[in-house]
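Notes for the structure review
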Amino acid sequence: MSSNQPYSFFQSVEKSFDKAAKYTNWDLGILEQIKACNSVYQMRFPVKLDNGEIEVIEAYRVQHSQHKSPCKGGIRFSDEVNQDEVMALASLMTYKCAIVNVPFGGGKGGIKINPRKYSVYELEKITRRYTAELVKKNFIGPGIDVPAPDYGTGPREMAWIVDTYASLKPGEIDAAGCVTGKPITQGGVRGRTEATGLGVFFGIREVCNMPDVMQKLGLTIGIADKTVIVQGLGNVGYHSAKFFRESGAKIIALAEYEGAIFNADGLNEDEVFQHRKATGSILNFPGATNLAKNTDALELACDILIPAALENVINGENAPRVKAKIIGEAANGPCTPEADEIFTQNGILCVPDMYLNAGGVTVSYFEWLKNLSHVRYGRMEKRFTENLNTKILGQIEELSGKRVSDENREFIMHGPEEQDLVHSGLEETMISATREIMDIWNSNPEIPDMRTAAYVSAINKVATSYLELGIFP
Ligand code: NAD
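Figured I'd write up the structure that's included with this text. Please read all numbers here as calculations on a predicted model, not as lab measurements.

In this section: the overall build of the chain. Counting its regular elements, the chain contains 16 helices and 12 strands. Over its C-alpha atoms the chain spans a radius of gyration of 23 Å, differing by no more than 12% from the 23 Å that the globule rule assigns to 473 residues. By its C-alpha atoms, the chain is 70 × 60 × 60 Å across when sized along the principal axes. The 473 residues of the chain split such that 54% are buried. At a minimum sequence separation of 6, the contacts of the chain that also span at least 24 residues come to 67%. Carbon and sulfur atoms form 52% of the exposed surface of the chain, whose accessible area is close to 21300 Å². The distance from the centre of the 49 positive side-chain charges to the centre of the 60 negative ones in the chain is 3 Å.

A word on the packing of helix α1 (residues 9–21) against helix α3 (residues 83–99). Close contact between α1 and α3 brings their axes to 7 Å; oriented N to C, the two are set at 30°. Of the possible angle classes, the one that applies to α1 and α3 is roughly parallel. In this structure, α1 uses F9, F10, V13 and F17 to contact α3, whose residues at the interface are D84, E85, M87, A88, L89, S91, L92 and Y95. For the contact of α1 with α3, the residue count by class is nine nonpolar, one polar and two charged.

Moving on, we come to the pairing of strand β2 (residues 54–63). Burial of β2 is extensive: seven of the 10 residues sit out of reach of the surface. In terms of strand pairing, strand β1 (residues 39–48) meets β2 through 10 bridges, oriented antiparallel. Across the sheet, residue M43 finds its bridge partner in β2, namely A59. Hairpin connection of β1 to β2: five residues between the antiparallel strands, including G52 at a positive phi of 95°. Sheet analysis places β2 next to strand β4 (residues 105–111), joined by five bridges and oriented antiparallel. Looking at β4, one finds that Y60 is bridged to G110.

In total, this model carries 33 salt bridges according to the counting rule given. Across the pair E133 and R129 runs a salt bridge, and its minimum N-O distance is 2.8 Å. Here E133 pairs with R129, and both are found in helix α4 (residues 120–136), just four residues apart, close to one helical turn. Assessed through its relative accessible area of 32%, R129 is described here as partly exposed.

Turning our eyes to something else, we now look at the nonpolar core. Counting residues in hydrophobic clusters, the biggest one holds 91 residues, and the most contacted among them are F244 and Y355. The greatest single-element share of this core, amounting to 10 residues, is contributed by helix α16 (residues 450–469). Split by domain, this core shows at least three residues from each of two domains, domain 1 (40–186) and domain 2 (195–356). With near-sequence residues (within four places) excluded, Y355 lies in contact with I99, V100, G203, V207, M430, A433, T434, I437 and M450.

Ordered by their spatial adjacency, five strands build an open sheet running β1-β2-β4-β3-β5, and the pairing between neighbours is mixed. Either end of the sheet is taken by a strand with one partner, and the two such strands are β1 and β5 (145–149). On average, each strand axis in the sheet is inclined to that of its neighbour by 20°, with strand direction left out of account. Across five bridges, the pairing between strand β3 (residues 71–77) and β5 is parallel. Its bridge partner lying in β5, C71 is registered against D145. Against the sheet, α3 makes contact with β1, β2, β3 and β4, and its axis sits at roughly 150° relative to β4, the strand it touches most. On top of the sheet, α4 reaches β1, β2, β3 and β4; it is set at about 140° to β1, its chief contact.

Inspection of the secondary structure puts V100 in the loop between α3 and β4. Every residue in contact with V100, bar those within four places of it in the chain, is listed here: Y355, A358, T362, T429, M430 and A433.

Attention now goes to the site of the ligand. Neighbouring the ligand are 21 residues, the closest being T196, N235, V236, E256 and N332. With respect to the ligand, the backbone of N235 contributes an N or O atom lying 3.0 Å from an oxygen atom. Contact with the protein chains removes 72% of the 830 Å² of surface that the ligand exposes when unbound. Only α8 (235–246) and β7 (250–256) provide two or more residues apiece to the shell around the ligand. Classifying every residue of the shell around the ligand by side-chain character gives 10 nonpolar, eight polar and three charged.

On to unusual backbone geometry. P70 follows S69 through a cis peptide bond whose omega is 0°. By secondary structure assignment, the location of P70 is in the loop between β2 and β3. Located in the positive-phi region is N138, a residue other than glycine, with phi close to 60°. For N138, the location among the structural elements is in the loop between α4 and β5. The backbone of N284 shows a phi angle near 60°, a positive value even though the residue is not glycine. By the element assignment, N284 lies in the loop between α9 (269–279) and β9 (289–290). Residue N284 is classed as exposed on the basis of its relative accessible area of 58%.

Rules behind the numbers
Residues numbered from 1 in each chain as written. Predicted model: local features only at pLDDT ≥ 70, side-chain atom pairs only at ≥ 80, totals over all residues. Heavy atoms only, no water. Helix = DSSP H or I, 4+ residues; strand = E, 2+ residues; numbered from the N terminus. Rg over C-alpha atoms; globule rule 2.2 N^0.38 Å. Buried < 20%, exposed > 50% of the residue type's maximum accessible area, 1.4 Å probe, protein only. Contact = heavy atoms within 4.5 Å. Areas by Shrake-Rupley, 256 points an atom, 1.4 Å probe, with all protein chains shown as cover. Lys, Arg positive; Asp, Glu negative; His and termini not counted. Charge placed at Lys NZ, Arg CZ, Asp CG, Glu CD. Axes fitted to C-alpha atoms, helices over the stretch in contact; angles between N-to-C directions. Parallel < 35°, antiparallel > 145°, perpendicular 65-115°, else oblique. Nonpolar A, V, L, I, M, F, W, Y, C, P; charged D, E, K, R; others polar. Pairing = 2+ DSSP bridges. Salt bridge = Lys/Arg side-chain N within 4 Å of Asp/Glu carboxyl O. Core = buried A, V, L, I, M, F, W, Y, C linked by side-chain atoms within 4.5 Å. Domains from an automatic or database assignment. Near = heavy atom within 4 Å. Polar contact = N/O pair within 3.5 Å; in protein donor to acceptor, adjacent residues only side chain to side chain.

See below:
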């Protein structure tokens, strides 16, 4: 708990939960069970560093809820890791999975290290030892608890985890499903890299396709010609900007930590990315105006603002100056509770992080399913679909005496690849989750914002699941 924060991270998650629970009719006991972290494993283990010294490493794995199995959540390597943070993040995973109908309980792991201070060999030893500790206590496995990447970890660490797990569990046929976010060669799935940005796009597009919501905001229906501002040109920001631009929206400003740029005619995120790579900065991009401060981009008039960098960037101080109509929380926690209240007063729609950035965990679910089925998506049906569509198209052309354009021909005949199916599964997931949350919000005018409605959606699903399991006879 930091000195100027009245609540720890975990307590603030509990507060958001309590705020939403008021709009449900569940018994107090069920709500208490949902909130609680079921299992907290705190561990210490030694690792021999390259210089021969031995260091004791502090690490955690928290399983917040087993209302669905396995538990799911990333592993974070950071100096800041502590038990409260891991517990908070694990509980958020329970709610996030429930909202997007991914049938997992929430989990999270953390190792209290700054990965930049260690050699690759040391990081490998730490990751493998952490995995072995999880195996010893039955805290990892395709049916138990399935980690994924988070801050400071990526496909490399996930490959070490699956290799360690598989060697400690010889013959376990589903071993590849013990972790997600793996390299494609090690059982990963195509479409993971862009998943979060694409999920952000699908979620906001669905909101923009809701006539009543758009009417309230004074916007036209659809994404085309919407003005969009993105903060952060990393994985999530870059891909969000790309999908918005490709659908006809105009990216009028981009912000990075060194500054922000504006062009009313629209920016191409990839050209800006290449410019940044070449010059070390997004500033002075040809045709664009430099803004005085990078945070100025958050306060420009636009239809959609996508904070995709850090937490707490829109707060009680700057929220009154935000002129966007819709805020899409691509980052985790970019808007504070004070900002939420100001948005409600000012009629700004904030689409909450807890579901909007769930593309990563959704595609992790698809990776886990792929691992359990031992077959690449599309392998069984791609050829069949292509042959079938070719036949149908041939018949249509023959009977009508007309030829379909080359562009349409390619689209119709194309059989689904793994990436096509992953994108389509993600699209379905984000559309359904958006509609479910909006239905809850519409059903009770007392619910103040979409974030609270999302929590209500999560609480209802987890509570139903507990009751159906017969835990509360
Ligand atoms: P990233 O490190 O790839 O990108 C973050 C970008 O933000 C970087 O380019 C960085 O330079 C920029 N940035 C840093 N400070 C800034 C500032 N003050 N102003 C403007 N830009 C700034 O990280 P990411 O994976 O894109 O994640 C971004 C956010 O999305 C994080 O909050 C993360 O927790 C969240 N998120 C990511 C995923 C995922 O799949 N990657 C999933 C869910 C949530």
